[in-house]
Amino acid sequence: LTRAITSVEVRAARKDDAEAIARLAGELGYPSTTAQVVERLKANEGNPRQAAFVAVAQGRGVVGWIHVSQVSTLGSDPRAEITGLVVDSEIRGAGLGRLLVERGETWARERGLTSIGLHSNTIREQAHEFYLRLGYAVTKSQKVFRKTL
Ligand SMILES: CC(C)(COP(=O)(O)OP(=O)(O)OC[C@H]1O[C@@H](n2cnc3c(N)ncnc32)[C@H](O)[C@@H]1OP(=O)(O)O)[C@@H](O)C(=O)NCCC(=O)NCCS
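As the structure is a prediction and not an experimental result, all values here were calculated from the model.

Calculation criteria
Residues numbered from 1 in each chain as written. Predicted model: local features only at pLDDT ≥ 70, side-chain atom pairs only at ≥ 80, totals over all residues. Heavy atoms only, no water. Helix = DSSP H or I, 4+ residues; strand = E, 2+ residues; numbered from the N terminus. Buried < 20%, exposed > 50% of the residue type's maximum accessible area, 1.4 Å probe, protein only. Contact = heavy atoms within 4.5 Å. Areas by Shrake-Rupley, 256 points an atom, 1.4 Å probe, with all protein chains shown as cover. Pairing = 2+ DSSP bridges. Axes fitted to C-alpha atoms, helices over the stretch in contact; angles between N-to-C directions. Parallel < 35°, antiparallel > 145°, perpendicular 65-115°, else oblique. Nonpolar A, V, L, I, M, F, W, Y, C, P; charged D, E, K, R; others polar. Near = heavy atom within 4 Å. Polar contact = N/O pair within 3.5 Å; in protein donor to acceptor, adjacent residues only side chain to side chain.

How do you make sense of the overall build of the protein chain when you look at a structure like this?
Within the protein chain, the regular secondary structure consists of four helices and five strands. Moving toward the C terminus, one meets the helices and strands of the protein chain in the order β-α-α-β-β-β-α-β-α. Within the protein chain, the proportion of its 149 residues that are buried is 36%. Nonlocal contacts in the protein chain, meaning residues at least 24 apart in sequence, comprise 58% of its contacts between residues at least 6 apart. Element-wise, carbon and sulfur atoms account for 50% of the exposed surface of the protein chain, whose accessible area totals about 9,900 Å².

In structure tokens, the structure reads:
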């Protein structure tokens, strides 16, 4: 951690973190309201297959979050997926992203999962450097399809 960030706690996300989580979701490119985040946190309460953690910096409050999920398909064993990760743009490069990913990896290990992955938009080149640095490797590139119902 850089000197600017003296003390950071990573803990489970709570409802009263929703405002900060929503603001950071906007930085990630997924604009969300506090009310929407409250609803999403509520919907996931008691679901052991997902978890959200926040990084709280002394004097600054919530400065990052990670959402991790257990995904299962018929064709593969359950694995963990990082379904969202963002650190406040003012303090990137201070080690917080690493702390959050390590927390997500610990959560996955505790669930007995033996691999963790993520999907990342091809334009997020800085994030790709970050994941490579943390020991992640690119296994394939995909097209994402969607249909409005
Ligand atoms: C990606 C992101 C979460 C990384 O968080 P961060 O706090 O800036 O990263 P850290 O400071 O923990 O970096 C961890 C390591 O990765 C390296 N790293 C981080 N960004 C890097 C970059 N752009 N290029 C090269 N290395 C990088 C750091 O140097 C550090 O290495 P070290 O620990 O060996 O010194 C953050 O930049 C972010 O929120 N980006 C915007 C949102 C986003 O893209 N999220 C991911 C969506 S898939």
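Mind showing me how you'd approach the pairing of strand 2 (residues 50-57) here?
Taken residue by residue, a regular strand's side chains alternate between the two faces of the sheet. Burial within strand 2 is extensive, with seven of its eight residues counted as buried. Two strands pair when backbone bridges link them, and strand 1 (residues 8-12) and strand 2 are joined in this way by five bridges, in the antiparallel orientation. Its bridge partner being in strand 2, Val8 is matched across the sheet by Ala57. Here eight bridges tie strand 2 to strand 3 (residues 61-73), and the two strands are oriented antiparallel to one another.

Is there a simple way to think about the packing of helix 1 (residues 18-28) against helix 2 (residues 34-44) in this case?
For any two helices packed against each other, the geometry comes down to the angle between their axes and how far apart the axes lie. It is at 8 Å that the axes of helix 1 and helix 2 come closest, and there the two elements cross at 110°. Classified by the angle their axes make, helix 1 and helix 2 are roughly perpendicular. Within the contact between the two elements, helix 1 uses Ala18, Glu19, Ile21 and Ala22 and helix 2 uses Thr34, Val37, Val38 and Leu41. A breakdown of the residues in the contact of helix 1 with helix 2 according to their chemical character gives six nonpolar, one polar and one charged.

What should I look at first to understand the site of the ligand in this one?
Inspection of the region around the ligand gives 20 residues, with Val87, Gly93, Gly95, Arg98 and Arg133 positioned closest. Taking Leu85, its main chain carries an N or O atom lying 2.9 Å from a nitrogen atom of the ligand. Taking Arg92, its side chain carries an N or O atom lying 3.3 Å from an oxygen atom of the ligand. A total of 930 Å² of accessible area belongs to the ligand in isolation, and the protein chains cover 74% of it. Counting residues per element, the ones that place at least two in the shell around the ligand are strand 4 (76-87), helix 3 (96-110) and helix 4 (125-133).

Quick question: what am I supposed to make of the side chain of Ser32 here?
Checked against the element boundaries, Ser32 lands in the loop between helix 1 and helix 2. For Ser32, the side chain forms a polar contact with the side chain of Arg40, separated by 3.0 Å. The residues touching Ser32, leaving out its near neighbours within four places in the chain, are Ala22, Ala25, Val37 and Arg40.

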